[in-house]
Amino acid sequence: MNFKYRKKVKQTLAAVLAAMLLTGCAKGLPMVSEVNETKAYTLPQSMIIVATERNRYQQAYTGQIWSVELPDGETFETYLLGQAQEFLQEMKWMNLLAKDKEIIITSAEKEEIRKLSEEYYESLTEDDIAYMGMKEDDVRTMYEEYFLSNKVVSELTKDMNLEISDSEAKVITIDQIVLSDGNTAQDVLNQVNEDGADFEAIAREYSEDNEIQKQLGRGEARKALEDAAFSLTAGEISPVVEDNGMFYIIKCVSDYDEDATQARKDNLYQQRKKDAFGQIYNQFKTENPVTFSNDIWDGIKFSIDDKTTTTNFFDLYRKHFPNS
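Residues numbered from 1 in each chain as written. Predicted model: local features only at pLDDT ≥ 70, side-chain atom pairs only at ≥ 80, totals over all residues. Heavy atoms only, no water.

Novice: Account for the packing of aromatic side chains, naming residues and giving values.
Specialist: A full pass over the atoms with the stated rule returns 16 aromatic pairs. Relative to F313, the ring of Y143 has its centre 4.1 Å away and its plane inclined at 5°; by these criteria the two rings are stacked. With Y143 in helix α6 (residues 136–157) and F313 in helix α12 (residues 313–320), this residue pair connects regions lying 170 residues apart in the sequence. Of the two residues, Y143 and F313, both sit in the buried class. By way of ring pairs, the aromatic residues F87, Y120, Y143, Y146, F147, F313, F314, Y317 and F321 are connected into one cluster. Above the plane of the ring of Y131 lies R54, whose end atom (NZ or CZ) is 5.8 Å from the centre. In this arrangement the basic side chain of R218 is found over the ring face of F230, its NZ or CZ atom lying 4.1 Å from the centre. (Phe/Tyr/Trp six-rings, centres within 6.5 Å; stacked < 30°, edge-to-face > 60°. Helix = DSSP H or I, 4+ residues; strand = E, 2+ residues; numbered from the N terminus. Buried < 20%, exposed > 50% of the residue type's maximum accessible area, 1.4 Å probe, protein only. Lys NZ or Arg CZ within 6 Å of the ring centre and 35° of its normal.)

What follows is the structure, given as structure tokens:
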């Protein structure tokens, strides 16, 4: 399942890895001989995240979802609780890292978080508050820790050279004809090269692949096809390209899609950052071990009759911190 906060989990995890990449082993965190068991957050604090996701899924799929069994035999309820637990543990790791690197929340940031916390708390019903068992201070704690998890990412990666060039991110738009017979492909090529020929219409008549038009970025197609497609300018048609037993005729519709290129550049940047961090994550966890107690999760059960509806914890955060 694709949780709204899963992307943020990965982003906060990225900062842990960034710190290790830049500075080596973190100081101040417990060594192997000093491992402590701790709760990531109190039950009321944890329930803010749990309730947010529980309600979002129940609104989308009704309360019947909690008894749905997944392929491995667990219920969706236990799966969602596991994901929430993992999220909270990663957020706690990030706050430990922020403390170690002396990254703090400024007074101006604290004031904005105070306003955010008040807005969220005032949006809750009495049933929401009773279900989570929390107070406004719990809300502020969770928003501060979530904010700091995001801040540590930007602080520890801002000086890293992860630039993606326009050439590397470039996206083009092509029409293509795919055939399994080389002689037929040559005959079709002759047709599309005739004056006034309608490439798309011919493609729809002959191509064995129903997807005629597609966007293509570097590294997204086999080398022979990529080389042929990216060598074309807008309006040009390739010769027959043989690849993996199939024959292709490619027409370049656009040799540079600006919006798609920018979107791909952003995605490649995030991927490059995660790739750079991934190689040292396991080492970080081994050398700075913290284990988390699971006892607070034992009694959490979902029911269609639970009187809670709040879903806006992360939505309000994005409103107050749109660039976080």
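Novice: Before we move on, can you summarise the environment of I103 with the specific residues and values?
Specialist: By the secondary structure assignment, I103 is in the loop between α3 (76–100) and α4 (107–123). Spatially, the C-alpha atom of I103 lies 6.7 Å from that of V152, the residues being 49 residues apart in sequence. Excluding its chain neighbours within four sequence positions, the residues that come into contact with I103 are A98, L148, K151, V152, E155 and L156. (Contact = heavy atoms within 4.5 Å.)

Novice: Could you give an account of the pairing of strand β5 (residues 246–254), naming the residues involved and the relevant values?
Specialist: Taken together, the seven bridges between strand β2 (residues 171–179) and β5 define a ladder with antiparallel strand orientation. Paired with V178 across the two strands is Y248, which belongs to β5. Between the antiparallel neighbours strand β4 (residues 241–243) and β5 lie two residues, among them N244 with a positive phi of about 55°. (Pairing = 2+ DSSP bridges.)

Such coordinate-based values are descriptive only and should not be taken to indicate function.
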